Amino acid sequence: MSGERRLTAITGAARGIGETTARRFARGGDEVVIGDMLDDVGAETVAAIEADGGSAVYRPLDVTDEDSVTGFVEAIERDHGPIDVFINNAGVMQDGLAIEDLPIKEHDRLWDVDYRGVYLCCRAIAPRMKERQRGVIGNVASMFGIAPYMVTAYSPAKTAVISLTEILAAECGPHNVRVNAVSPGYVHTPMMQGRFDAGVRDKDRMERSAALGTMTEMRDVAEAFWFLCSDRARAITGVNLPVDCGVLVANSYNAFPR
Ligand SMILES: NC(=O)c1ccc[n+]([C@@H]2O[C@H](COP(=O)([O-])OP(=O)(O)OC[C@H]3O[C@@H](n4cnc5c(N)ncnc54)[C@H](O)[C@@H]3O)[C@@H](O)[C@H]2O)c1
């Protein structure tokens, strides 16, 4: 895939981590397709990428709807050609709640987007990539999917994304298709800044919990995907790369009972 312009589709890329990743891939020379439910915000992201000299289009997408997902992939490949890179980023967050306090409807909604949505997208794109004997899939998991945190639906859904990543890497590898995940830690997104401003999240505590003493920036996640989806990572498949400024290692290290 080196030397030629790639076609990269990113779900949930109207804003946040997905938007930053879309901008990074466009800056790197890819033609980027942004799939999201936020049509106006998606159009603004496309305009910003084009103003930077990049190439992007927006396509409406609901990752929980199988017809929407298959229609998204079919329309892109019909109008723009084969998708080289597909990044599953769309996701919804959960507040820290004990199991009895999370309504089961909310549990199901989280799984619908955060796991089933990734599954549906992989189910739509992986067979096409296998058939072509080329392609890369990137999945946004979370450090919450690696260690237990107080998010009883979100965490297991992200663990399932990591497991699916490994399974599909094994299944697709013989067809020259790589599948990897990135697990962000506490990311400094505009939404997170809003929560700091509202006093519902503690920035200092998040920073102190990281071995590197700082929060992950959206561009850190984008750079990890940029590498994992490049030919420089041609030997890497089935991994889940934490991009967390060392929260995971610091948590267990600091818990040592001495
Ligand atoms: N922010 C963090 O600290 C953090 C940490 C770890 C992992 N993540 C993961 O990163 C990803 C992006 O999160 P973010 O912080 O940028 O959140 P965000 O809310 O800013 O962005 C998520 C995007 O996904 C879109 N989306 C939601 N449901 C969708 C659906 N059904 N179909 C299509 N698009 C949909 C939203 O419209 C939005 O544009 C998520 O998968 C999230 O779980 C975030």
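Residues numbered from 1 in each chain as written. Predicted model: local features only at pLDDT ≥ 70, side-chain atom pairs only at ≥ 80, totals over all residues.

Asker: Got a minute to help me understand the nonpolar core in this structure?
Answerer: Within soluble globular proteins, side chains that are nonpolar tend to cluster in buried spots. Among the nonpolar cores identified, the biggest contains 68 residues, and Ala22, Val32, Ile34 and Phe225 are the most heavily contacted of them. Excluding anything up to four places from it in sequence, Val32 contacts Thr8, Ile10, Ala22, Phe25, Ala26, Ile49, Ser55 and Ala56. (Core = buried A, V, L, I, M, F, W, Y, C linked by C-beta atoms within 7 Å. Buried ≥ 20, exposed ≤ 12 C-beta atoms within 10 Å, placed from the backbone. Contact = placed C-beta atoms within 7 Å.)

Asker: It is not clear to me how the site of the ligand should be interpreted in this structure. Could you clarify?
Answerer: Near the ligand you find 28 residues, and of these Gly12, Gly16, Ala90, Gly91 and Val187 are the closest. Looking at the shell around the ligand, the elements that each hand over two or more residues are helix 1 (16-27), helix 4 (104-132) and helix 6 (190-197). At three residues, helix 1 tops the list of elements feeding residues into the shell around the ligand. Residue composition of the shell around the ligand, grouped by class: 15 nonpolar, ten polar and three charged. (Near = placed C-beta within 6 Å. Helix = DSSP H or I, 4+ residues; strand = E, 2+ residues; numbered from the N terminus. Nonpolar A, V, L, I, M, F, W, Y, C, P; charged D, E, K, R; others polar.)

Asker: Any chance you could explain the packing of helix 3 (residues 66-80) against helix 4 here in plain terms?
Answerer: At a minimum axis distance of 9 Å, the contact between helix 3 and helix 4 shows a crossing angle of 35°. For the pair helix 3 and helix 4, the crossing hand works out as right-handed. The segment helix 3 lies against helix 4, with Glu66, Val69, Thr70, Val73 and Glu77 engaging Leu120, Cys121, Ala124, Ile125 and Arg128. Of the residues that constitute the contact of helix 3 with helix 4, the class distribution is six nonpolar, one polar and three charged. (Axes fitted to C-alpha atoms, helices over the stretch in contact; angles between N-to-C directions. Left-handed = near helix turned anticlockwise from the far one by under 90°.)

Asker: Any chance you could explain the sheet that holds strand 3 (residues 55-60) here in plain terms?
Answerer: Two strands in a sheet stick together by hydrogen bonds in their backbones, pointing the same way (parallel) or opposite ways (antiparallel). Across the sheet, seven strands lie side by side as 3-2-1-4-5-6-7; this open sheet has parallel pairing. Bordering the open sheet on either side are strand 3 and strand 7 (240-243), each of which pairs with just one other strand. Recorded for the sheet is a direction-independent mean angle of 20° between the axes of neighbouring strands. Sheet analysis places strand 1 (residues 7-11) next to strand 2 (residues 31-36), joined by five bridges and oriented parallel. Residue pairing for strand 2: Thr11 is matched across the bridge by Gly35. Across the sheet, helix 1 is in contact with strand 1, strand 2, strand 3, strand 4 (85-88), strand 5 (135-140) and strand 6 (177-184); its angle to strand 1 comes to roughly 170°. Contacts from helix 8 (residues 218-228) reach strand 4, strand 5, strand 6 and strand 7, with the element oriented near 165° to strand 6. (Pairing = 2+ DSSP bridges.)

Asker: Sorry, what's going on with the pairing of strand 4 here?
Answerer: Along any regular strand, the residues point their side chains to alternate faces of the sheet. Residue alternation in strand 4 divides its side chains into two sets, Val85 and Ile87 and Phe86 and Asn88, and both sets are buried. Pairing geometry for strand 1 and strand 4, over three bridges, is parallel. Across the sheet, the residue bridging to Ile10 is Ile87, located in strand 4.

Asker: So what exactly am I meant to see when it comes to the packing of helix 1 against helix 8 here?
Answerer: When two helices pack together, their arrangement is given by the angle between the helix axes and by the axis-to-axis distance. Contact geometry for helix 1 and helix 8: axes closest at 8 Å, N-to-C directions at 50°. Here helix 1 lies oblique to helix 8, going by the angle between them. Both helix 1 and helix 8 take part in a crossing whose hand is right-handed. Contacts between helix 1 and helix 8 involve Gly16, Ile17, Thr20, Thr21, Arg24 and Phe25 from the former and Met218, Arg219, Val221, Ala222, Glu223, Phe225 and Trp226 from the latter. For the contact of helix 1 with helix 8, the class distribution of residues is seven nonpolar, three polar and three charged. (Parallel < 35°, antiparallel > 145°, perpendicular 65-115°, else oblique.)

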